Amino acid sequence: MTSEIAVMNQRAVALAADSAVTLIGGGTVAVRNDHRKLFNLIERRPIGMMFFGVADMMGHPWEHLIEHYQKKVRPKPFAHVRDYAVSFSAMLDNLEEFFPRAKQRDEYRRLLASVFRYIFHLAQFMSDNADGERQGDNAILEAAIERVWRDYQFREDGSPRTDLSCFPPNFGTAVQREYAQQIEEIVAYGFGQFQLSAGAMQRLREIAIYAVVKDLFLEDVTGLVFAGFGEDERYPNVVTYFASAIVGGYLKRAEASADAIDTETKSKIRVFADSEVTNAFIRGIDFNLERRLYGGFRMMMGGLVDQVIAAFPQADAAQRDEVRARFQNGFVPRYGEAVRGRSADVLQQTFIKPILRVLEIASRTELAETAKELIGLNIFKKRIMAQKETVGGAIDVAMITRENGFQWFSRQGEG
């Protein structure tokens, strides 16, 4: 795992990353604390890059790919940070020197196996949280398959989910044609032991295509963070990409987030990967605790409605059901959202805004120190709670300004 952060104001952006990486091979899991994840993407330019998540692409460490970009591509200065993200990720398309077509079939297997693991995990979650009479395992698995299929089709707001722009038109048809044998093999290996309907099996074949071309990342991914200044940018910007696999010669990728400083937004903090302690410090509450509290509130409100309805046994059954449905589907969610909104306001005013106001006037050195200390909180938690130290080692910190470019504040192996 990894803990990384970007802290910025109108003067500079500070990047910080720990040096722990989890290596998995032959059934053995090992953690090393000497991995570099923060780089000056182009020497003597105010642009930095970090990566988190999967530490390589088809066996090639990201630092080797960054070195190739620096030496072979040597791009001209770009107007915007986003242009660097586009340029670097596009460099990986059809890069036969690193990613031979013959090995991309194995890469596709890895991608699809990762998505299918997600389906099984979802089915297990649905089984553990099933209300009422337990469904059969096949029925739950088919429900999980259907949910994932629909997630690839539609966003949470119901709008259609588009194909990724990184692929040429009708790329799904090319994937279906080129990887037909792999699709049948992986579907049979993963789900052949279950007595699934023909419709569910067809959904899996379609998921095998959507997993590549759709703008959804259920698989293992690498996060690529690009930060600094383009030629036309007065204030710092941070652009994050998700990248997962190279299939049919193209890297599956998409922009995940973009953070910009301007005359209105004068400071910002963006955390990445395993940074729950940083989030808790900034927001005043742990994400998991917050989720449990809201979930518990909704459950208690629902239970209260049932108890109130039960206190009127003489009422008509149909009338009781109508009142129960009206409260459970209307008032309980509404009050839940009201509590969440009030809590968010308190967190914003009490914790988040005071920190951001201080960062607005922070010096460059103070930004760098803040970034380093916030990463240190995550390392300290792992150590003090005797957890596996998947976040740890030396902390690399860099400051990036328009006038001075990329400068190291602290770097592993240097004092």
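Values in this document were obtained by computation on a predicted structure and should not be read as measured data.

Each value, and the rule that gives it
Residues numbered from 1 in each chain as written. Predicted model: local features only at pLDDT ≥ 70, side-chain atom pairs only at ≥ 80, totals over all residues. Heavy atoms only, no water. Phe/Tyr/Trp six-rings, centres within 6.5 Å; stacked < 30°, edge-to-face > 60°. Buried < 20%, exposed > 50% of the residue type's maximum accessible area, 1.4 Å probe, protein only. Helix = DSSP H or I, 4+ residues; strand = E, 2+ residues; numbered from the N terminus. Polar contact = N/O pair within 3.5 Å; in protein donor to acceptor, adjacent residues only side chain to side chain. Contact = heavy atoms within 4.5 Å. Pairing = 2+ DSSP bridges. Axes fitted to C-alpha atoms, helices over the stretch in contact; angles between N-to-C directions. Salt bridge = Lys/Arg side-chain N within 4 Å of Asp/Glu carboxyl O. Expected span 1.5 Å × (residues − 1). Arc of directions from axis to C-beta. Patch = residues over 30% accessible without salt bridge, like charges linked within 9 Å, V, L, I, M, F, W, Y side chains within 5 Å. Areas by Shrake-Rupley, 256 points an atom, 1.4 Å probe, with all protein chains shown as cover.

Novice: I'd like a description of the packing of aromatic side chains, backed by residues and values.
Specialist: The geometry of an aromatic ring pair comes down to the distance between the two centres and the angle between the two planes. Counting across every chain of the model gives 20 aromatic pairs. When the centroid spacing of 4.9 Å and the interplanar angle of 85° are considered together, the rings of Phe-78 and Tyr-84 count as edge-to-face. The burial state of Phe-78 is the same as that of Tyr-84; both residues are buried. An aromatic cluster of three or more residues is present, and its members are Trp-62, Tyr-69, Phe-88, Phe-226 and Tyr-241.

Novice: Hey, could you go over the environment of Asp-128 for me, with residue numbers and the actual values?
Specialist: Tracing the backbone shows Asp-128 in helix H3 (residues 101-128). The class for Asp-128 is exposed, based on a relative accessible area of 55%. For the pair formed by Asp-128 and Ile-66, sequence separation is 62 residues and the distance between their alpha carbons is 43 Å. Looking at Asp-128, its side chain comes within polar contact range of the side chain of Gln-124, at 2.9 Å.

Novice: Before we move on, can you summarise helix H8 (residues 276-283) with the specific residues and values?
Specialist: Every buried residue belonging to H8 is among Val-277, Thr-278, Asn-279, Ile-282 and Arg-283, and all of these are buried. Buried residues in H8 make contact with strand S1 (3-9), strand S12 (267-273), helix H9 (287-310), helix H10 (317-360) and helix H11 (364-384). Where H8 ends, the next residue or the one after it, Gly-284, has phi of about 85°, a positive value.

Novice: Give me the sheet that holds strand S2 (residues 13-17): which residues, what numbers.
Specialist: If you trace the five strands from one edge of the open sheet to the other, you get S12-S1-S2-S13-S14, paired in antiparallel fashion. The sheet is open, and its two edges are formed by S12 and strand S14 (405-410), each paired on a single side. For this sheet the average axis-to-axis angle between neighbouring strands, irrespective of direction, equals 15°. Two strands pair when backbone bridges link them, and S1 and S2 are joined in this way by five bridges, in the antiparallel orientation. Bridging across to S2, Ala-6 finds its partner in Leu-15. Relative to the sheet, H10 contacts S1 and S12, its axis offset from that of S12 by approximately 115°.

Novice: Help me get a handle on the sheet that holds strand S11 (residues 250-260), residues and values and all.
Specialist: The antiparallel open sheet is built from five strands, whose spatial order is S5-S6-S9-S10-S11. Across the chains shown, the open sheet's two edge strands, defined by having one partner strand only, are strand S5 (38-40) and S11. Strand-to-strand twist of the sheet, defined as the mean angle between neighbouring strand axes without regard to direction, takes the value 20°. Examined bridge by bridge, strand S6 (residues 47-53) and strand S9 (residues 222-228) share seven bridges and lie antiparallel to one another. Looking across to S9, one finds that Met-49 is bridged to Phe-226.

Novice: Explain the side chain of Arg-283 to me, and be specific about the residues and the numbers.
Specialist: Among the secondary structure elements, Arg-283 is positioned in helix H8. Residue contacts for Arg-283: discarding those within four places in its chain leaves Glu-290, Leu-347, Phe-351 and Ile-352.

Novice: Lay out the pattern of salt bridges in plain terms, naming residues and giving numbers.
Specialist: Taken as a whole and assessed by the stated rule, the structure comprises 24 salt bridges. Across the salt bridge formed by Lys-37 and Asp-18, the nearest N and O atoms sit 2.9 Å from each other. Here the residue Lys-37 occupies a position in the loop between strand S4 (28-32) and S5, and Asp-18 occupies one in the loop between S2 and strand S3 (21-25), the gap between them amounting to 19 residues. Classification of Asp-18 by relative accessible area gives buried; the value is 0%. For Arg-101, the salt bridge goes to Glu-96, with nearest N and O atoms at 3.9 Å.

Novice: Tell me what's going on with H11, and back it up with residues and numbers.
Specialist: Over its 21 residues, H11 extends 30 Å from the first C-alpha to the last, a length consistent with the 30 Å expected when each residue adds 1.5 Å. Leu-367, Ala-368, Ala-371, Leu-374, Ile-375, Asn-378, Ile-379 and Lys-382 are the residues of H11 that are buried. Each buried residue of H11 sits inside an arc of 135° when the element is viewed along its axis, so together they form one side. Exposed residues lying more than 90 degrees from the buried face of H11 are Glu-373 and Ile-384. Looking at the packing, one finds that the buried side of H11 touches S1, S2, H8, H10, strand S13 (396-401) and S14.

Novice: Summarise a nonpolar patch on the surface; cite the residues concerned and give the values.
Specialist: On the surface, Leu-304, Val-308 and Phe-312 cluster together to form a nonpolar patch covering roughly 270 Å² of accessible area. Relative to the assigned elements, Leu-304 resides in helix H9.

Novice: With reference to specific residues and values, describe the side chain of Thr-222.
Specialist: As for its position among the elements, Thr-222 is in strand S9. Under the relative-accessibility criterion, Thr-222 is labelled buried at 1%. Among the polar contacts listed, one links the side chain of Thr-222 to the backbone oxygen of Val-54, at a separation of 2.6 Å. Not counting residues up to four positions away in its chain, the partners in contact with Thr-222 are Phe-51, Phe-52, Val-54, Asp-56, Trp-62, Tyr-241, Phe-242 and Ala-243.

Novice: Explain the pairing of S11 to me, using residue names and the numbers behind them.
Specialist: Judged from the nine bridges that link them, strand S10 (residues 237-247) and S11 form a sheet pairing that is antiparallel. Paired with Phe-242 across the strands is Ala-254, a residue of S11. A loop of two residues connects S10 with S11, the two strands running antiparallel in sequence, and Gly-248 in this loop sits at a positive phi of about 60°.

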